[in-house]
Amino acid sequence: MDYEFHWNTVFQKFPEMLQGAFVTLHVSVLSMLIGIAIAVLLAIAKMNSIKPFNYVAIGWIEIARNTPALFQIYMAYFGLGALGIHLSPYASVLGALIFINAGYLAETFRGGFQSIPKTQYSASKSLGMSSFQSYRYIILPQMFRRIYHPMTNQFVWSILMSSLGILVGMGELSGETQRLQSLSFRTLEFFIVAAVMYYLITKLVLISSSLISRKLFRGEI
Amino acid sequence: MGSFFTPLSWNDTGFILTGVWNTVIISTVAIVIGTILGLMVGFIRAESNKLTNAILGAVLDVLRSVPLIIQLILFSTYVGAIGHPMDPFVAGSIVLSLYTMAFMSEVFRGGFESVQQSMKVAARSLGMTYWQSVYHISLPIGMRAVFPSWLGVSLSVIKDSALVSVIGYMELLRTSEQLISRTQQPLEILIGVGIFYFIISYPLSVYGKYVERKMAL
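The model shown is predicted, which means the values in this text are computed figures rather than measured ones. (Residues numbered from 1 in each chain as written. Chains lettered and ligands numbered in written order. Predicted model: local features only at pLDDT ≥ 70, side-chain atom pairs only at ≥ 80, totals over all residues.)

Visitor: Explain the confidence of the model for chain A to me, please; I cannot follow it from the model alone.
Guide: In low-pLDDT segments, the atomic positions of the prediction should not be examined closely. The predicted model of chain A averages 90 in pLDDT, with 98% of residues at 70 or higher. Averaged over each element, pLDDT in chain A is lowest for helix H1 (residues 7-12) of chain A (84) and highest for helix H5 (residues 89-114) of chain A (94). (pLDDT = per-residue confidence, 0-100. Helix = DSSP H or I, 4+ residues; strand = E, 2+ residues; numbered from the N terminus.)

Structure (structure tokens):
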């Protein structure tokens, strides 16, 4: 192999890559938080019998789950542009990730909610709890335990998929790497460092998530 | 003065169909190779000792924790840098197949591990050789349960195949992007692309859910 690695260029630009990594984390955390909020509404709407809400929820969930993330991002970036809504690369990636996260998480939430037997609710009512109390102390804690790991996976997925920002010129880790390598043409070096950074970020998220779960679900199944 | 942009016309059908065809081809290649490799790796992981497992697990973990788009760029730049540039289709197939393998191996490993030890022992005590017990017992029993997960991974591969466009492969989204820059009609084209993916993905996901429910009973 007659390729010479020049790591110096990368080290000089490392602070800028870190900044990109920060944007990656930023966009995926934000897309998760807003996605969760919408997903709760979608899950409620899907389990509800009010038809219009039901259709919107089913449409949203199925479109989000059955089309590529890149398609969603193009739709937000180019498609909405045709309607006169011009989003920045950051906003279109964020929007697409929120759309997909909400769709996937809605199904997770619905599945988690329906996996709690109805008898749990009746039992808590018969113990004299109010509706609010039985959800607060019986149903939701059990549900949360079941959706915790799928939620962590969705968060990791968001971090990895935010890398698609490279295709619309967003300044997250991949996009920043692409910009920096185009200045120096040390493509391999820059992307190797980016790959290592992604690996570390996802590992960090997974490790801290399992530590938190150990704390949260201590003494439970 | 005429416009630089020419609107979408029926003459573009061939171009779009090439993109559709390329998406179908590269997804099929990745699913087939990824399934075969994943089956082998999953089997090795289910049967081997802790050390082999840890090493294999670490390698597969890298494939799962680095974004596919970065893997594609790295691989195609690497083969270019060492002086063997590859056709985007070949490079894309290799990366996408390995990526698929990483997910498939977990699916199959779970399947193999779900086969009870006592069944394998019983097979051996009936005079089967090790490979006979694998072929007649572990494979059919272990693989039946994993079909819905296999389908789920395959569907996500079809969707992820869109990313191969980044190394220059003319799959559906890239052809549509080029059409958009010529026609300036992003909405019509993108909605068409979305419908295509949806038509492939939705029936299969419904079928997967149906099989899952049937097996749960």
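Visitor: Looking at this structure, how should I read the nonpolar core?
Guide: The nonpolar side chains of soluble globular proteins are, as a tendency, buried together. Grouped together as the largest cluster of nonpolar side chains are 97 residues, with contacts concentrated most on Leu70 and Ile73 of chain A. For this core, the element with the highest residue contribution is H5 of chain A, accounting for twelve residues. (Core = buried A, V, L, I, M, F, W, Y, C linked by C-beta atoms within 7 Å. Buried ≥ 20, exposed ≤ 12 C-beta atoms within 10 Å, placed from the backbone.)

Visitor: Mind showing me how you'd approach helix H7 (residues 131-161) of chain A here?
Guide: Since the α-helix packs 3.6 residues into each turn, any two residues three or four apart lie on the same face. Residues and elements named next belong to chain A. Given a rise of 1.5 Å per residue, 31 residues ought to cover 45 Å, yet the end C-alpha atoms of H7 are separated by just 39 Å, more than 12% below that figure. Maximum bend of H7: about 40 degrees, positioned at Ile147, with proline Pro150 one to four residues after it. Of the positions making up H7, those classed as buried are Ser134, Ile147, Met151, Gln154, Phe155, Ser158, Ile159, Leu160 and Met161. Looking at the buried residues of H7, the elements they touch are helix H2 (14-47), helix H4 (69-82), H5, helix H6 (118-126) and helix H9 (187-216). (Expected span 1.5 Å × (residues − 1). Bend = angle between axes of the 7 residues up to and from the residue. Contact = placed C-beta atoms within 7 Å.)

Visitor: Whenever I open this one, unusual backbone geometry confuses me. Can you help?
Guide: As a rule of thumb, non-glycine residues mostly have phi less than zero, and peptide bonds are mostly trans rather than cis. Residues other than glycine seldom take positive phi values, yet Phe185 of chain A does so here, at roughly 60 degrees. Here Phe185 of chain A is to be found in the loop between helix H8 (173-184) and H9. For Gln184 of chain B, which is not glycine, the phi dihedral falls at a positive 60 degrees. Looking at the secondary structure, you find Gln184 of chain B in the loop between helix H8 (172-183) and helix H9 (186-216). For Gln184 of chain B, a count of 17 C-beta atoms within 10 Å puts it in the partly exposed group.

Visitor: Could you clarify how one ought to interpret the interface of chain B and chain A in this entry?
Guide: It is common to give the size of an interface as the accessible area lost on bringing the parts into contact. The interface of chain B with chain A comprises 28 residues on the first partner and 33 residues on the second. Elements supplying a minimum of two residues to the side of chain B that touches chain A: helix H2 (50-65), helix H3 (68-81), H8 and H9 of chain B. By residue number, the principal contributor to the side of chain B that touches chain A is H9 of chain B, which donates ten residues. In terms of residue class, the side of chain B that touches chain A is built from 22 nonpolar, five polar and one charged. (Nonpolar A, V, L, I, M, F, W, Y, C, P; charged D, E, K, R; others polar.)

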